[in-house]
Amino acid sequence: MTLPDRFRRANWLLLILAVLLTTAGVITVDRAADGHTTDFTFLQLRWAILGVALALTLIAVPTKRVVAAGYVLYGLGLVGLVLVLLIGTGKGAGRWIGIGSFRVQPSEFMKLILVIALAGHIRYERGHKRLRGLAWPLALTVVPFLLVMK
């Protein structure tokens, strides 16, 4: 399928609804942060724009390529979770890694990455239909869970 075909077949209603919901979130943050010294609205807007750009990129990339990269993404996600333990700032669930002017919480990315890895495994492997075949999906889930809990 060509790039124009992928954009033509994309679910634009879903993307528009996500943008509207994100806009409502940015407005809410703006109202809640009124008078605060930190410009939370700019920070929220920056991530929203990055999210829309990522969504458009994912529309352009064939689904099979995203799923094929699932284990590579999973490995990168695990590296991020380990890095936050080593060099992260904050405590508990609010642990971040500073990258330039961005602060990244790897556990948030790992949620999406885990969904992609599990979807690829379940889509292309048939072992999950037996109880014994659930060991690999369970292991894929438990490892990041334990790192986040640590």
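**Details of the nonpolar core**
Consideration 1: Ranked by size, the top nonpolar core spans nine residues in total: Y74, L78, L81, M110, I113, L114, A117, L118 and L140.
Consideration 2: Listing elements by their share of this core, those giving two or more residues are α5 (70-87) and α6 (106-124).
Consideration 3: For this core, the leading source of residues is α6, giving five residues.
Consideration 4: Sequence-distant contacts of Y74, that is, excluding residues within four places in its chain, are made with M110, I113, L114, A117, A139, L140, V143 and P144.

**Side note on a nonpolar patch on the surface**
Consideration 1: There is a patch of nonpolar side chains on the surface, built from W12, L13, I16, L17, V19, L20, V52 and L56 and spanning about 680 Å² of accessible area.
Consideration 2: Breaking the nonpolar patch down by element, the ones donating at least two residues are α2 (12-32) and α3 (40-60).
Consideration 3: It is α2 that provides the largest number of residues to the nonpolar patch, a total of six residues.
Consideration 4: Mapped onto the elements, L20 comes out in helix α2.

**Notes on the packing of α5 against α6**
Consideration 1: Remark: α5 packs on α6, axes separated minimally by 9 Å, with the N-to-C direction vectors making an angle of 155°. Relative to α6, the element α5 lies roughly antiparallel. As for the relative orientation of α5 and α6, their crossing is left-handed in sense. Each of G70, Y71, L73, Y74, G77, L78, G80, L81 and V84 in α5 lies in contact with α6, whose residues at this interface are P106, S107, M110, I113, L114, I116, A117 and H121.
Consideration 2: Residues of the contact of α5 with α6, tallied by class, amount to 12 nonpolar, five polar and no charged.

Cut-offs used in this document
Residues numbered from 1 in each chain as written. Predicted model: local features only at pLDDT ≥ 70, side-chain atom pairs only at ≥ 80, totals over all residues. Heavy atoms only, no water. Core = buried A, V, L, I, M, F, W, Y, C linked by side-chain atoms within 4.5 Å. Buried < 20%, exposed > 50% of the residue type's maximum accessible area, 1.4 Å probe, protein only. Helix = DSSP H or I, 4+ residues; strand = E, 2+ residues; numbered from the N terminus. Contact = heavy atoms within 4.5 Å. Patch = residues over 30% accessible without salt bridge, like charges linked within 9 Å, V, L, I, M, F, W, Y side chains within 5 Å. Areas by Shrake-Rupley, 256 points an atom, 1.4 Å probe, with all protein chains shown as cover. Salt bridge = Lys/Arg side-chain N within 4 Å of Asp/Glu carboxyl O. Axes fitted to C-alpha atoms, helices over the stretch in contact; angles between N-to-C directions. Parallel < 35°, antiparallel > 145°, perpendicular 65-115°, else oblique. Left-handed = near helix turned anticlockwise from the far one by under 90°. Nonpolar A, V, L, I, M, F, W, Y, C, P; charged D, E, K, R; others polar.

Take it as geometry only, folks, not as evidence of what the structure does.
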